[in-house]
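Summary of structural features
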Amino acid sequence: MISNSISKSLDVLDRSSSTTVGNYSLNDPSEGTELNKQTKFINTLDVAHLKDLKMYFFYYDDKEHPLNKDEFIAAICSVIGNNLYVKEADDFFEQVCVEDFNTKEDVIHWKQLLNEIRYSTYFFRDVWDALPFDQNSITMHLMSHCKHESIVKVISIETEEFFCYTVFSRLGQVGIYDGHLNLLREYVIQLSQCPDDLVRATRRRRNIWINDAIYLPDAQFITIAASDGSIHFVDTVCLVHVPTFCITGLKTTPTCLEYCPGSSSLLFIGDDNGSIARIEFLQPKRSLFKRDPTNKVDTYLWKDLEYQQQWVKIYTCGIPIHPDSIKHIIYCQSDEATISCCQDHKQSLVIKHIRDEWNPYVFHIRHGVRCFHYNATLKLLVTGCSHKVYIWNPVVTKMYLAKLEGHKNSVVDVRIFEHFNLVISISKDEVLKVWSLNTYACLQTIQFDFPVYNVLGKSVEFSIRTFYPGPIIKQPPEEQASLKSIDASNITSAQTSVYMPKENWESEVLIIVCSNYLSTIKQNLKDYSQNHSPLPPPIEDKKPALPSEWSFSETDQIIIDEIDSTFIEPPKIDNGKIKNLLINSRPPLDHEAFNLDTHKKPIHTKMKKHVDEMVKNGTPYLAMHLCPVYKLELSKNLVLSDATKSRFPFIDKMDDIFCDGIAYDEKVKSPTKEQNKKKQINIKHLMEIISTIKLDEDGDIEKTINEFI
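Described below are features of the structure shown in this document. Computed from a predicted structure; not experimentally measured.

Scanning the model with the defined rule gives 21 aromatic pairs in all. Where Phe363 meets Trp392, the ring centres are 5.2 Å apart and the plane angle is 80°; that geometry is what we call edge-to-face. Linking Phe363 in strand E20 (residues 361-363) with Trp392 in strand E23 (residues 388-392), this pair joins segments that are 29 residues apart in sequence. A residue is classified by how much of its surface remains accessible, and Trp392, at 5% relative accessible area, is buried. One aromatic cluster is present, built from ring pairs that chain together Phe221, Phe233, Phe245, Phe281, Phe289 and Tyr300.

Structure below.
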C-alpha cells in the first residue's frame, strides 16, 4: 500500500505546481473510493516516482503541459522502469482524461493525477450508533399564507440577534415565520414591472410568477427574479419589508440567482437562454443602486445600469454556456468559478471561471441535470439525473466516482452532509434516501406523505430547491442593543453589521418543502443541546436615526427643574457618630467636586418636553434655537441690467425695505421701549427760544414752541 509519506507529499507537490486548471484538490484527505483495477498501479508509485513524473508535466518551464495517452503511458513506464503497467496506465488515462480546449485531444493534467491518487488511497468505515434521521419525528406545517400556491423558495434571514424564515409562493404570496414556523406577518409582492401603477396594484397579475429569490446578507435585501424579465429588491431590515428597487428591460427571463457577499458583492443571474450575467455591487452596505429621494420604488432599465458606475458594474455573457435554461447556479469563491446546470444532455453541467482564466469543465450527462450540490471542503460534486444520483470528481468529466441507484422516480434535489459524511436525495414520489460516502450504500429510506391530495386537482409539486437547514440555535443576547442617535453627517455612511450568516446544516431539524407544506425531520446529532432556542424574529419597525441635537439620550443628561435646588441624601450608616462626622465633613455645594461633568448637558424639563413633541410631530426644526436675523442688504458690487431694473422697479429700494422689516420686527417684539418716554427739556434754553420768537395776537404759543423744539 501507498505510504503515509506519499499522501503528505501530495499536498507539497500540489502547492508547488502552477497550472491553468482550477485548484480542486482535497484540502483534507477525508474521502475515498473502493478498490478498483487501477489500485495496484497506483500503489506502486512512491514519492520518488511522483517527483520524476511531475517533470514530464513541467519539463522546460513552470507552466504545465498536459500529456496525451501515449505521452502518459511512456512517462509511467519510464518512471517505474518497466512495461508491466501499460494496460493499467491506459485504463487509468481513459477514466481520468479530459478534452483539451485548443487541440480537442484527450489529455490528463497533473492536478487530476493527484486527485485520483487521493481518492484511491484512503478508506473509511461507516460506524453508526443510530440512523441519521429519526423518521418517527416528522412534522408537517401548512403554510397558510400561500393560499394553496406552491412554495418557490424559503429564505433564512439571520443576524447576530434575529432570525426568521421568509417563504415565497409561486404568485407572490410572502409569509414571515419565526424559528418555530409560527406566522408573524404576510403580504403580497407586486410582480408587475411598474410596482407603483395603481391600476395594476389593485389585483395580482396571475400571468407573472416568481422563478427564484435569494438573500443579500451584507445589504439586508431580498432579490426576486420574476417571469416577466424583472428583478425586484426588497428591504428586509425589519419585520416590515419594503420594495425599494426594480430592474426591468432584461432581454431574457431570469430563472435562478446566486449571491456572494464581499467588499464588492456579486449577484449572478442565470436565464432561459443558458447564459449567466452578473452584477457587481461596489457599495452594498450603503446602497445597491442610486437612490431616488422620493418614497417610490426606484425602477431602472437594465441598459441604464451602465450609467451607475459609482454603484454597480454589469457583466454579460456573449456566448450561452448551456443550450437550455439554467436550473441552478452556485459560486465557488475560493476558485472564482461558477457551477451551473441544465436538463439538456449536452453541456449538462459546466464549471467555468468568471474571467475565463482556465478552460471550463463540461459534463455531458444523459437526461441532463436537474439538481446538484458541490462541497468545497471535500471537493465532491453530486448530481441528480433522472432516477439516479452520481458522485463526481469535479475535474474528471468523463467518469463518475459512483452511481447511486434506488429511486423509482425523478430525483428533484440532492445534498452532501459533510458532518455525517452522507448524501441525501429525494424524488418526485416523496421518497428520501440517505447514502454513505464511504461505501456508497443506501443507509436509510424515508417515505413522506404530504397531504396535498386533500385539495381537489392538486398534485405534488417540488420547487427548484427542496432541502433547507433548520433555524439558527444560539443563546439570544440578554438585552437588545438600544438604537442610539447618530450624527446627521454620518447617517449615509453608517455601515451595517459585518456579520455574515452561513447555513447551519448541523441544526436539530432538516426542512423539506413540497407544494405548500414544510416538513421537519429530526437529525440524530450527538452534540445537540436542548437548552437553546431559536433566535427571536426581527423587530416590527426600526426607529429613524436622528441627529443628536433632536433627541436626548437617557444616559447623558441631567434634569433641572425650574427651581434650581440640589438635595443630597445622607449616607445610610448605622453608627451614629460616623454618620454625623461624614455629614459635618461634607464639603459645601459650591465645592469643585460638585461641578457638573463637561459631557453632561443640563436641560430644562419644559425644553425637553417641547423638543420631544416637535420630533414626534415630524417638525424637529421648530425646536431648534436659530441665530438672530441681522441687517439684510444686497451686495454692493451687484451689477443689474436695465431689463432687470425695469422688471423689478423696487430693486434700488430693497435695502430700505429689508431695514424697515427688521425695524418693524424689533418694534413688535419690544413695544415698551423708550420711544414713548418724553424728551427732557432745558428750561434756560427754552426761555432763550421764547425771547427770540415774535408772536402775533392770534398765534398759538404752544404750537410755535413745539416747532422750534
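Let us keep going from here.
As a further point, take the sheet that holds strand E19 (residues 349-353). One open sheet holds the four strands; their spatial order is E17-E18-E19-E20, and the pairing between them is antiparallel. Every interior strand has two partners, whereas the edge strands, strand E17 (328-332) and E20, have only one. In this sheet, neighbouring strand axes are inclined to one another by 15° on average, regardless of whether the strands run parallel or antiparallel.

Once that is clear, we can look at the packing of helix H3 (residues 47-57) against helix H4 (residues 69-80). Direction vectors running N to C along H3 and H4 enclose 145°, while the axes themselves pass 10 Å from each other. Regarding H3 and H4, the two cross each other, and that crossing is right-handed. Contacts between H3 and H4 involve His49, Asp52, Leu53 and Tyr56 from the former and Ala75, Ile76, Ser78, Val79 and Ile80 from the latter. Its residues placed into classes, the contact of H3 with H4 shows six nonpolar, two polar and one charged.

Along the chain, His328 turns up in strand E17. Residue classification places His328 among the partly exposed residues on the basis of a relative accessible area of 27%. The spatial distance from the C-alpha of His328 to the C-alpha of Cys342 is 7.6 Å, given a sequence separation of 14 residues. The contact partners of His328, leaving out residues within four places of it in the chain, are Cys256, Ile339, Ser340, Cys341 and Phe372.

Cut-offs used in this document
- Per chain, residue numbering runs from 1 following the sequence as it is written.
- Given that this is a predicted model, residues contribute local features only at a pLDDT of at least 70 and side-chain atom pairs are listed and counted only at 80 or more, while totals for whole chains, interfaces and linings are drawn from all residues.
- Excluding hydrogens and water, the side-chain values take into account all heavy atoms of the structure.
- Centres within 6.5 Å are what make two rings of Phe, Tyr or Trp a pair, Trp counting through its six-membered ring; a difference in plane orientation under 30 degrees is then read as stacked, over 60 as edge-to-face, and the rest as tilted.
- Only runs of H or I of at least four residues qualify as helices and only runs of E of at least two qualify as strands under DSSP, and these elements are numbered from the N terminus.
- The cut-offs for exposure are 20% and 50% of the maximum accessible area for each residue type, with area from a 1.4 Å probe on protein chains only; residues under the lower value are buried, those over the upper are exposed, and the others partly exposed.
- We call two strands paired when DSSP finds no fewer than two bridges between them.
- Axis definition: a line fitted to C-alpha atoms, limited for helices to the stretch in contact. Angles are taken between N-to-C directions and run from 0 to 180 degrees.
- For a crossing to be left-handed, the near helix must be turned anticlockwise from the far one by less than a right angle; the clockwise case is right-handed.
- Throughout, a residue-residue contact means that at least one pair of heavy atoms, one from each residue, lies within 4.5 Å.
- Amino acid classes used here: Ala, Val, Leu, Ile, Met, Phe, Trp, Tyr, Cys and Pro are nonpolar; Asp, Glu, Lys and Arg are charged; the rest, including Gly, are polar.

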